[in-house]
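Each chain, letter by letter, is given below.
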Amino acid sequence: MSGKSIRTVFIAMLWATMLLGANVFNTLHWGYLTYLNVLLVASLGILFFNEAKLGQRKLIIVNVIFIAMLLFALPDTEGKYQSVMALSGGLVYALIYTIQGEEYDKYLANCRKWIVAIYLIECGLSIVERIVRYNVFSWNAEDAATMTDFDDFFGFRSFGLWGHPLQNALITSTIMGFILIYDGYKPKVKYTLWAIGYAAILCFNTRSSMVANIIFLALYQVIEASKTRSFSMKVRVIALGIFGVAFLGLLITQTSLGGRLLEMGLLDENSAAVRMNTWSIFDYYNLSDFLYPDEVNREILLSRTGLYATENFWIDWLLKYGLIIEVIYIALVAYNIFQYGRGYMKIDLLFLNLVFWVIASTNNSLTANPIPLFLFLAALIIYCPTYRIIEEI
């Protein structure tokens, strides 16, 4: 592919995944799952018709073998191909960003600018929605009722561009993590961008993300302090972290911006309790009961355990795909992360993984939608320090 074609594909993929979420498709009455399947086939086509380098070729082969395994191992049900897309889509979409040209670093720098631009659009839209208490791209009627079950500023939840508030919070938090770690941004710009993202998190009204991002900000300050040998700089960085955490804590607890966290607490008896109690299934079943796809009937499991939902993608994967496929998939994702994360300091790569996987583990955002995983993997490539050429903003 020519350099211009590579740049076009890079930007088009960001537009296709970051500007067109499930709720946007619902509002336009388009088929979102069909769209994701078309995107998967198009990505595979681009990869196969591109002259891949040896390292990229290995990644492509490994991921394609996994897709073939899924097609063979998953039972022939109506949702088989949707399951293949859900598991492999994020991996395949991200491979697009391994296509290298003569000005690869400049193409990635351009992608970083687009990620920030779309991130600001998403955050701005979410903040406006919370202020006016109106969702521009609404969810379906049934879910919309539960998203706005408190008819006031406390209970309203923004949908932004990326569908369910929990998925919005996961993607936004992921980008916030990369903004903090990436040293191509000036400190003032970096913290401003992070603060805008946190304002959006408050608008999504997702309690776990509100708390987790404050903890991650404090952790980031500790990491930054550990990188400098200057004692005075360590003190300044830690002091800034303490001030930031204290300010955000007061903002949440002393104003209406705390929303559902103040109204319901972090661990209420409904959704939060369900997420905690999901793991109680192992009081009734052993891991060996889940070796193969759909081996345990979900309805029977929920009835036996007294749960009305699982609300956790680890458990959803286990029920839908079985333990064997889940373990292979986790190993494959880890392999991709290892390959894409080679240019990072180990502590920074660990931080980014903590942000993504901790927040993802508080809900089921990864159960059927590959976009959050794709954006995490793609960002690992796009924000890799190896390709930072200038201080951008």
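Values in this document were obtained by computation on a predicted structure and should not be read as measured data.

### Observations concerning empty space enclosed by the protein
Line of reasoning, step 1. This model, assessed by the stated rule, comprises two cavities of 30 Å³ or more.
Line of reasoning, step 2. Its volume calculated, the largest cavity comes out at about 80 Å³.
Line of reasoning, step 3. As for the largest cavity, its lining consists of Leu 14, Met 18, Ile 115, Thr 174, Ile 175, Phe 178, Leu 375, Ala 378, Ala 379, Ile 382 and Tyr 383.
Line of reasoning, step 4. Of all elements in the fold, only α1 (3-18), α8 (165-181) and α17 (371-382) reach the threshold of two or more residues within the lining of the largest cavity.
Line of reasoning, step 5. A total of four residues in the lining of the largest cavity trace back to one element, the largest contributor, which is α17.
Line of reasoning, step 6. Here the residues of the lining of the largest cavity sort into 10 nonpolar, one polar and no charged.
Line of reasoning, step 7. In this structure, the second largest cavity occupies an estimated 30 Å³ of space.
Line of reasoning, step 8. Lining the second largest cavity, in full, are Ala 86, Trp 317, Tyr 329, Leu 366, Asn 369, Pro 370 and Leu 373.
Line of reasoning, step 9. Of the residues in the lining of the second largest cavity, the class split is six nonpolar, one polar and no charged.

### Points about the packing of helix α15 (residues 313-340) against helix α16 (residues 346-360)
Line of reasoning, step 1. Two elements in contact, α15 and α16, have axes whose closest approach is 16 Å; the angle formed by their N-to-C orientations is 170°. What the angle tells us is that α15 and α16 run roughly antiparallel. From α15, Phe 313, Trp 314, Val 333 and Ile 337 reach across to α16, where they touch Leu 349, Asn 353, Trp 357 and Ala 360.
Line of reasoning, step 2. Grouping the constituent residues of the contact of α15 with α16 by class yields seven nonpolar, one polar and no charged.

### Quick word on the confidence of the model for the protein chain
Line of reasoning, step 1. Taken residue by residue, the protein chain gives an average pLDDT of 82. The fraction at 70 or more is 80%.
Line of reasoning, step 2. Confidence scores differ between elements of the protein chain, with helix α7 (residues 141-147) showing the lowest mean pLDDT of 48 and α16 the highest of 95.
Line of reasoning, step 3. Counting interchain partners and residues more than four positions distant, the pLDDT-below-50 stretch residues 141-146 has two contacts.

Cut-off values and rules
- Residues numbered from 1 in each chain as written.
- Predicted model: local features only at pLDDT ≥ 70, side-chain atom pairs only at ≥ 80, totals over all residues.
- Heavy atoms only, no water.
- 1 Å grid on protein atoms, 1.4 Å probe; cavity = no way out; pocket = protein on both sides within 12 Å on 5 of 7 lines; lining within 4 Å.
- Points joined across faces, edges and corners; volume = space filled by probe spheres on them.
- Helix = DSSP H or I, 4+ residues; strand = E, 2+ residues; numbered from the N terminus.
- Nonpolar A, V, L, I, M, F, W, Y, C, P; charged D, E, K, R; others polar.
- Axes fitted to C-alpha atoms, helices over the stretch in contact; angles between N-to-C directions.
- Parallel < 35°, antiparallel > 145°, perpendicular 65-115°, else oblique.
- Contact = heavy atoms within 4.5 Å.
- pLDDT = per-residue confidence, 0-100.

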